[in-house]
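What the coordinates show
Now for the letters of each chain:
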Amino acid sequence: MDFTTTIIDWYLQNKRDLPWRRTRDPYLIWVSEIILQQTRVEQGLPYFIKITRAYPDIRSLAGAEEQELLKLWQGLGYYTRARNMLAASRVIMDRYQGVFPGDYASIRALKGIGDYTAAAIASIAFNVPHPVVDGNVLRLFSRFFGIDIPIDRSSVKKEIHDLAQSLIDPENPGDFNQAVMEFGARVCIPSNPDCNACCLSESCRAYKTGMVHLLPKRSEKQIVPDRTIHYLVISYQQGQESGLFMKQREERDIWHHLFDFPQYQEERERHPGSPIPLKSLKRWFSPHHPDFQGVTGPVKHKLTHQNLSVWFYRFHVNGKPRLPYQAVPFHELKFLPVPRLIDRYIRDLFIFAPGFLNFKMDDGPALSKKINPPLH
Ligand code: SF4
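Residues numbered from 1 in each chain as written. Predicted model: local features only at pLDDT ≥ 70, side-chain atom pairs only at ≥ 80, totals over all residues. Heavy atoms only, no water.

Across its full length, the protein chain holds 15 helices and 6 strands. Taken across its 376 residues, the protein chain has 50% of its residues classed as buried. Of the roughly 19,300 Å² of accessible surface on the protein chain, 50% is carried by carbon and sulfur atoms. (Helix = DSSP H or I, 4+ residues; strand = E, 2+ residues; numbered from the N terminus. Buried < 20%, exposed > 50% of the residue type's maximum accessible area, 1.4 Å probe, protein only. Areas by Shrake-Rupley, 256 points an atom, 1.4 Å probe, with all protein chains shown as cover.)

Further remarks concern the site of the ligand. Within the structure, the ligand sits among Leu140, Arg143, Cys188, Pro193, Cys195, Cys198, Ser201, Cys204, Tyr207 and Val212. Taking a 2 Å distance to the grid points as the criterion, the majority of the atoms of the ligand fall inside the largest cavity. The class makeup of the residues in the shell around the ligand is 8 nonpolar, 1 polar and 1 charged. (Near = heavy atom within 4 Å. 1 Å grid on protein atoms, 1.4 Å probe; cavity = no way out; pocket = protein on both sides within 12 Å on 5 of 7 lines; lining within 4 Å. Sits in = over half its atoms within 2 Å of the grid points. Nonpolar A, V, L, I, M, F, W, Y, C, P; charged D, E, K, R; others polar.)

When pLDDT is averaged along the protein chain, the result is 87, and 88% of the positions lie at 70 or above. Note on residues 353-376: pLDDT is under 50 here. Beyond four places in sequence and across chains, it has 51 contacts. (pLDDT = per-residue confidence, 0-100. Contact = heavy atoms within 4.5 Å.)

What follows is about the packing of helix H9 (residues 135-144) against helix H11 (residues 173-186). Two numbers describe a pair of packed helices, the interaxial angle and the distance between the axes. The contact between H9 and H11 brings their axes to 8 Å, and the two run at 80 degrees. Looking at the two axes, H9 sits roughly perpendicular to H11. Contacts between H9 and H11 involve Asn136, Val137, Arg139, Leu140 and Phe141 from the former and Val180, Met181, Phe183, Gly184 and Ala185 from the latter. (Axes fitted to C-alpha atoms, helices over the stretch in contact; angles between N-to-C directions. Parallel < 35°, antiparallel > 145°, perpendicular 65-115°, else oblique.)

The subject of this paragraph is empty space enclosed by the protein. If you roll a probe as big as a water molecule over the atoms, it shows you where there is empty space left. Tallied over the entire structure, the rule returns 2 cavities of 30 Å³ or more. The volume enclosed by the largest cavity comes to roughly 120 Å³. Together, 14 residues line the largest cavity, and Phe183, Cys188, Cys195, Cys198 and Cys204 are the ones closest to its centre. Here the element with the most residues in the lining of the largest cavity is H9; it accounts for 3 residues. Here the residues of the lining of the largest cavity are counted per class, giving 11 nonpolar, 1 polar and 2 charged. (Points joined across faces, edges and corners; volume = space filled by probe spheres on them.)

Turning to the pairing of strand S5 (residues 307-318), a few remarks are in order. Burial of S5 is extensive: 10 of the 12 residues sit out of reach of the surface. Alignment of strand S1 (residues 226-238) against S5, held across 12 bridges, turns out to be parallel. Bridged to His230 within S5 is Trp311. Across 9 bridges, strand S4 (residues 291-302) lies against S5 in antiparallel orientation. Counted as the bridge partner of Lys300 is Ser309 from S5. Where S4 hands over to S5, the hairpin turn is made up of 4 residues, counted between the paired strands. (Pairing = 2+ DSSP bridges.)

Attention shifts here to the packing of helix H2 (residues 26-36) against helix H3 (residues 41-54). Between H2 and H3, whose axes approach to 9 Å, the crossing angle comes to 140 degrees. When the axes of H2 and H3 are compared, the pair comes out oblique. By crossing handedness, the relation of H2 to H3 is classed as right-handed. In this structure, H2 contributes Leu28, Val31, Ser32, Ile35 and Leu36 to the contact, and H3 contributes Val41, Gly44, Tyr47, Phe48, Ile51 and Thr52. (Left-handed = near helix turned anticlockwise from the far one by under 90°.)

Printed below as a string of structure tokens:
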């Protein structure tokens, strides 16, 4: 059985009809590949459509406001992808006069583009025979060739990369790369692949030796640290204007450049969720008096490298204190790029405390079980 021919034939007969597969425009392929990093096709597709509608080419993306792009990206997570895409589009405008570079090294040098994405763009848009190696490909090759060494070791990744390089169809590298990705995502899936119906089974080492459920192997898992965040959710009302105080994240930390709420810095250990000592905040709000309205939490939120435990303390202030944060009227909140956790919290405020917030947001998923009634 010839691996290359078999898998390309399978791909041509079974590939999903997706907008980025109907084009060889490197810009569209690039956008799709960036979106699909860490994101499933079903989730990424609507984002691809709305982002390429807003920015149909490199020039329009390069001229975008970061905040607008982040707003379109909201909900996808890993916002660095969007910021890097914006930076790379500006480099393409400046250095390549708006023409996407066609060689692997130049593509790889663009911000936010790693080995995998560079190989995908180079092979699909420019016919460069450079193999893609992602989690799906590692799993497929580990099983097909019976590699029982942890696939997260760089030596194994290199071995699989070299195997793929030796198998890639030099005439048709884009289809080969898409075939191995698609096959890994849809047939040689992580649990219970349907090996009996698999077109590669007659030569698959794992299938023949009963090792399918044991491969691929991985090294011991890293422990993900816990982190607690205390947010101050401060609403204000001044004349006809009412809104929330928001803070743009500048730190090199999670959610860079997105907006969230001011954080209460713990001066000493205390029981999480116990009321924030109002005295310590009084000077801050002066001459206004904050009205403590309730606490929500802990809301659990998992990120790749951190498990968050988040508390939201709600305050209302009559007037508009001079705080070092951005006072955002309610009707403008929906234009701010915010992390998904904050977006859901704000939506819940509108749903469960309508008297507190005199403005309606669009419908959305709720954190309803986590919301405590206001403590007036
Ligand atoms: S036979 Fe099973 S393990 Fe082997 S490639 Fe096919 S789906 Fe994967």
